[in-house]
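Descriptive structure summary
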Number of protein chains: 2
Amino acid sequence: MTRSLTWLPYFLARLEVTVTVLLCVGGASAASVCSAKDVSRVRKLSDSPQHSYGREGFVHVTVAGAVLHGMTEVEVWLQTFAPSSQTPIHRHLCEEVFVVMKGNGTLLLASDSEKHYPGKPEQFAVVANSTFTIPMNAAHQVWNSHPEEDLQLLVIISRPPIKAFIYDDWFTPHTSARLKFPYFWDAECLKTDLNDTYTFDEL
Amino acid sequence: MTRSLTWLPYFLARLEVTVTVLLCVGGASAASVCSAKDVSRVRKLSDSPQHSYGREGFVHVTVAGAVLHGMTEVEVWLQTFAPSSQTPIHRHLCEEVFVVMKGNGTLLLASDSEKHYPGKPEQFAVVANSTFTIPMNAAHQVWNSHPEEDLQLLVIISRPPIKAFIYDDWFTPHTSARLKFPYFWDAECLKTDLNDTYTFDEL
């Protein structure tokens with residue numbers, strides 16, 4: 001009996017570890033991620049959740065976000081693109097700053113606001129230790145154009161969480177771009193009826 | 001006469017180069033930095049102006065800023081602190097995110113808003129590849145606490161250009177903190193009468 005009682009706390013501790021692992025690995029991970037904002041004062045990026053959101057060759061980390069960490073005015077992401085992977089063609093009514101941490105890529109940017117569709121974009125080479133910004137509501141796309149190396153970007157946006165319109169191609173009319181809100185990395189934890197929250201002018 | 005005319009464009013081109021070099025190297029650098037916003041689509045960080053603003057062991061680069069680049073909602077800095085160097089003790093009414101690029105440091109944070117002065121701050125160790133945020137209006141200071149290595153931080157703020165209140169020490173009353181606006185890196189190009197632009201509640 002003494003041996004059994006001695007063993008019980010060890011068993012319970014193992015059980016707790018097992019349940020925690022199952023929660024994190026299994027389909028219930030949303031509960032552990034979304035149940036409370038992570039307001040730790042200092043967070044290691046290596047401990048932050050990483051996801052591809054079904055996009056091949058893409059890894060996203062929310063460094064400081066509205067949904068996960070309670071940010072209200074800025075949001076910061078760390079994103080890695082394998083060779084040939086890219087963002088969708090999209091636009092959003094917020095400021096965006098990119099800082100290229102590693103690799104080489106191409107920014108495609110259609111900033112002519114007079115057309116009814118983005119039109120043929122300008123191309124800009126981007127390299128490690130460079131920075132670029134996107135004008136509000138300009139359709140854009142970022143590619144990893146290097147054949148072998150990853151492209152890693154630190155991305156800063158205003159007005160989080162992001163509300164993005166996605167284009168099938170550069171000649172899709174602006175009015176046919178599809179609103180993606182909540183965006184991929186906010187969808188798990190942000191269940192919002194958009195019509196209750198935002199007017200069209202705010203998007 | 002023909003030879004003179006042929007030579008003239010070359011002379012003028014040389015003159016232009018000479019004047020440009022003098023403007024960049026000499027005391028008139030403010031004119032070249034401030035006369036027009038740098039709206040280049042992609043900027044190499046190594047080409048960006050670097051300054052210490054009289055703070056020993058400190059180097060600041062404005063990656064994307066309100067004054068230099070026309071940002072209105074977010075601003076991004078790259079700052080390097082030599083061993084033992086630090087920010088002032090200060091607060092500001094904006095969101096702030098730090099991403100530690102290199103080194104080790106200490107965040108001092110006084111987030112008790114009920115006192116009339118910051119009071120003894122909490123201490124947090126920060127390391128490379130970690131991130132931390134500062135609550136709005138919380139007095140804080142970041143130190144490079146490593147004896148030998150630089151601390152390099154990417155810093156993101158909302159509501160640029162920054163309007164900071166600086167404390168002599170942690171027991172300086174909030175009402176005695178000194179407003180520094182324009183801040184060090186904005187002062188050269190931003191000549192603003194604060195009273196015309198901001199109300200006290202906006203600071």
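Being a predicted model, the structure only gives us computed values, none of them experimental.

Take the relation of the copies chain B and chain A next. Its rotation angle being 180°, the transformation that places chain B on chain A also includes 0.0 Å of axial translation and leaves an RMSD of 0.0 Å. In the structure described here, the two chain copies are related by an operation that fits a two-fold rotation axis. Judged by C-alpha distance, V74(B) is the residue of chain B that lies nearest the rotation axis, at 3.5 Å. With an isologous cut-off of 70% or more, the 100% of interface residues of chain B that recur at the interface of chain A puts this contact in the isologous class.

A separate point is the packing of aromatic side chains. Two aromatic rings are characterised by how far apart their centres lie and by the angle between their planes. All told, the structure shown has 16 aromatic pairs over all chains when counted by the stated rule. Ring geometry for F58(A) and F81(A): centres 5.2 Å apart, planes at 55°, overall tilted. With F58(A) in strand β2 (residues 58–64) and F81(A) in strand β3 (residues 74–81), the pair connects residues that are 23 residues apart, well separated along the chain. Judged by relative accessible area, F58(A) falls into the buried class, the value being 2%. Among the residues examined, F81(A) registers a relative accessible area of 0% and is labelled buried. Measuring from centroid to centroid gives 4.8 Å for Y183(B) and W185(B), while their planes differ by 80°, and the two rings are edge-to-face. Judged on exposure class, the residue Y183(B) and its partner W185(B) are both buried. In this structure an aromatic cluster arises from ring pairing among Y53(A), F58(A), W77(A), F81(A), Y183(A), F184(A) and W185(A). Across the ring face of F184(A), the terminal group of K180(A) is positioned such that the distance to the ring centre comes to 4.9 Å.

Definitions and cut-offs
- Residues numbered from 1 in each chain as written.
- Chains lettered and ligands numbered in written order.
- Predicted model: local features only at pLDDT ≥ 70, side-chain atom pairs only at ≥ 80, totals over all residues.
- Heavy atoms only, no water.
- Least-squares fit on C-alpha atoms with pLDDT ≥ 70 in both.
- Contact = heavy atoms within 4.5 Å.
- Phe/Tyr/Trp six-rings, centres within 6.5 Å; stacked < 30°, edge-to-face > 60°.
- Helix = DSSP H or I, 4+ residues; strand = E, 2+ residues; numbered from the N terminus.
- Buried < 20%, exposed > 50% of the residue type's maximum accessible area, 1.4 Å probe, protein only.
- Lys NZ or Arg CZ within 6 Å of the ring centre and 35° of its normal.

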